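Residue strings, one per chain:
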Amino acid sequence: GPREGTRGYPCTGQAAFWVTVKLVPDVDRIALRIPAMDTALVLFWNGKEVARNGHLTPNLQGTKPVYYATKTLRLPARESNLLVLHMGNEVYPRPGLRDTILMGTEDGIARIAEVNNFVSAFLVGALALMALYHLGMYAMRSEDRSPLYFSLFCLLIVLRLMVTGEGLAFRFFPINWNISTAIEYVTFYLAPVPFFLFLHSLYPREKLPYVSEGMYGICAFFAILVLALPIGIYTETLVVFQIFAGLFILYGLGIILVAVARGRDTARSFLVGILALVITLVNDILFSLRIIESTYLVPVGVFLFFFSQAFLLSRRFSIAYRTAETLTRELDVKVQQRTHDLEVARDRSDQLLRNILPDSVATELR
């Protein structure tokens, strides 16, 4: 029979859900907020189709989602309303709603949508600016590659945020569900590479030989699977990679803890930032596997981590700049002292020549 999901229901096939919604008599308008889904669906409100995500066919042939972005519906209401949801899935291993369908007044749902869109846009914009800023820092001082690795990590997270959460990419670019899913997986599989390159650039003595190179190979292998295999196959690799991701997290925490124990510069601050990222990452992994009821928190953890690391990188450059200024001032003082010493020696030599030789001869010798 069909493979079962985490709650005993089959992952492929068709399903119908319905609920009767009873409202107080004076309510004549209501709003629904449909979350992002990886499953084709058709939604009916009082017998009328109000939303459709993809195509549903009786034999599931060609059934697939079309859009990902959240959607807000404004609907007429009466005292007793019937909400019917038809869903069909052919290939995705974790179908269904990622978040809850919200129901409320038009103003209340619009406020929620506005806040969520603002938060998503803010995170994308802030991380994009951080990426550009650190690319500029690397361009001005290319011998230090840590800003480059940090910038690449920022860009990968920006791409992932664009196709998850509120699905901002769907609002601005002509992409489809297949492309967005591939971007979502590739960015997740490749993100450890620039992150650990950045980590090793800060704490090179804590790096274990060959471990990082093997980790980079694993990330590249899973990213190639996404690009080479159909969506129904490469999405099955997520659980396996999440096991590796757990090992990567332990390795990264080990590096930071050793750096803290050895008193490395900024190691304690780095530990605080990475703990925020790890906690939200574990939450998202468990939520994506439908093990816990939660929501995606990695964007918040990512922002806290990136903000702390951007501060640390800026602090490093500030320290380097102050050190350069101090050395320049010390050099100026030494040059002035040396010039003064040379002038004193010259005057002494001139006086000696004048004492033992005629002025014309001393002038010629000078």
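Just so it is clear, the model here is predicted, and its values are computed rather than measured.

(A) Looking closely at the overall build of the protein. Within the protein, the regular secondary structure consists of 11 helices and seven strands. Across the 366 residues that make up the protein, the buried fraction comes to 42%. Surface exposure of the protein reaches about 20,300 Å², of which carbon and sulfur atoms provide 64%.

(B) Region of interest: the confidence of the model for the protein. For the protein, the average pLDDT comes to 82, and 89% of its residues sit at 70 or higher. Element-level pLDDT for the protein is lowest in helix H11 (residues 359-365), with a mean of 70, against a maximum mean of 94 in helix H6 (residues 211-228).

(C) Up close: the packing of aromatic side chains. Taken as a whole and judged by the stated rule, the model has 17 aromatic pairs. Residues Phe 195 and Phe 196 carry aromatic rings whose centres are separated by 5.2 Å and whose planes lie at 90° to one another, so their mutual orientation is edge-to-face. You can call Phe 196 buried: its relative accessible area is 3%. By way of ring pairs, the aromatic residues Tyr 185, Phe 188, Tyr 189, Phe 221, Phe 222, Tyr 234, Phe 241, Phe 244 and Phe 248 are connected into one cluster.

(D) Summary view of the sheet that holds strand E5 (residues 71-76). Spatially, E5-E2-E7 is the arrangement adopted by the three strands of the open sheet, whose pairing is antiparallel. Each having just a single partner strand, E5 and strand E7 (102-104) make up the two edges of the open sheet. Across this sheet, the average inter-strand angle for adjacent strands is 20°, counted without regard to direction. With three bridges joining them, strand E2 (residues 29-34) and E7 adopt antiparallel strand pairing. In the sheet register, Ala 31 faces E7, and the bridge partner there is Gly 104. In the packing of helix H1 (residues 106-140) onto the sheet, contacts are made with E2, E5 and E7, and the angle to E2 comes to roughly 25°.

(E) Fine view of the pattern of salt bridges. Tallied over the full model, the rule gives five salt bridges. Across the pair Arg 52 and Glu 49 runs a salt bridge, and its minimum N-O distance is 3.0 Å. What makes Arg 52 partly exposed here is its relative accessible area of 37%. The shortest N-O distance in the salt bridge between Arg 262 and Glu 206 comes to 3.0 Å. One end of the pair, Arg 262, is in the loop between helix H8 (238-261) and helix H9 (267-288); the other, Glu 206, is in the loop between helix H5 (192-202) and H6, and 56 residues separate them in sequence.

(F) Region of interest: H1. The end-to-end C-alpha separation of H1 is 51 Å, in line with the 51 Å expected for 35 residues at 1.5 Å each. Buried within H1 we find Gly 108, Ile 109, Ala 113, Ser 120, Leu 123, Val 124, Ala 126, Leu 127, Met 130, Ala 131, His 134 and Met 137.

(G) Structural detail: the pairing of strand E3 (residues 40-45). For E3, the tally of buried residues reaches five of six residues, placing the bulk of the element in the interior. Note that E3 and strand E6 (residues 80-89) share six bridges and pair antiparallel. Note on E6: the bridge partner recorded for Val 42 is His 86. Sheet analysis places E3 next to strand E4 (residues 48-53), joined by five bridges and oriented antiparallel. Paired with Leu 41 across the bridge in E4 is Asn 53. In this antiparallel pair of consecutive strands, E3 and E4, the connection spans two residues, and Asn 46 shows a positive phi of 55°.

(H) Examining the environment of Val 258 more closely. As for its position among the elements, Val 258 is in helix H8. Residue classification places Val 258 among the partly exposed residues on the basis of a relative accessible area of 35%. Here the alpha-carbon distance between Val 258 and Glu 206, two residues 52 residues apart in the chain, equals 6.9 Å.

(I) Local environment of the sheet that holds E4. As summarised here, the arrangement of the four strands in space is E1-E6-E3-E4, forming an open sheet in which the pairing is antiparallel. Here the strands that pair on one side only, and so sit at the sheet edges, are strand E1 (13-22) and E4. When the angles between neighbouring strand axes are averaged without regard to direction, this sheet yields 15°. Direction of pairing for E1 relative to E6: antiparallel, over a ladder of 10 bridges. Along E6, the bridge assignment pairs Phe 17 with Leu 85.

Cut-offs used in this document
Residue numbers restart at each chain and count upward from 1, following the sequence in its written direction. Totals for whole chains, interfaces and linings use every residue, but because this is a predicted model, local features are given only for residues with pLDDT of at least 70 and side-chain atom pairs only at 80 or more, for both listing and counting. Side-chain metrics in this entry use all non-hydrogen atoms of the structure; hydrogen atoms and water are not considered. Secondary structure elements follow DSSP: runs of H or I of four or more residues count as helices, runs of E of two or more count as strands, with numbering from the N terminus. A simple rule labels every residue: compare its accessible area, found with a 1.4 Å probe on the protein chains alone, to the largest value its type can have, and call it buried under 20%, exposed over 50%, or partly exposed in between. Residue exposure ignores everything except the shown protein chains as possible cover, and the areas themselves are Shrake-Rupley values with a 1.4 Å probe. How sure the predictor is of each residue is captured by pLDDT, a score from 0 to 100. Whether two aromatic rings pair depends on their centres lying within 6.5 Å, for rings of Phe, Tyr and Trp, where Trp uses its six-membered ring; planes under 30 degrees apart make the pair stacked, over 60 edge-to-face, and the rest tilted. Two strands are said to pair when DSSP picks up at least two bridges between them. Angles shown run from 0 to 180 degrees and are taken between the N-to-C directions of axes, each axis being a line fitted to C-alpha atoms and, for helices, limited to the stretch in contact. Residues count as neighbours in contact if any of their non-hydrogen atoms are within 4.5 Å of one another. One side-chain nitrogen of Lys or Arg within 4 Å of one carboxyl oxygen of Asp or Glu is enough to make a salt bridge. Expected span of a helix, by definition, is 1.5 Å for each gap between consecutive residues, and there is one gap fewer than residues.

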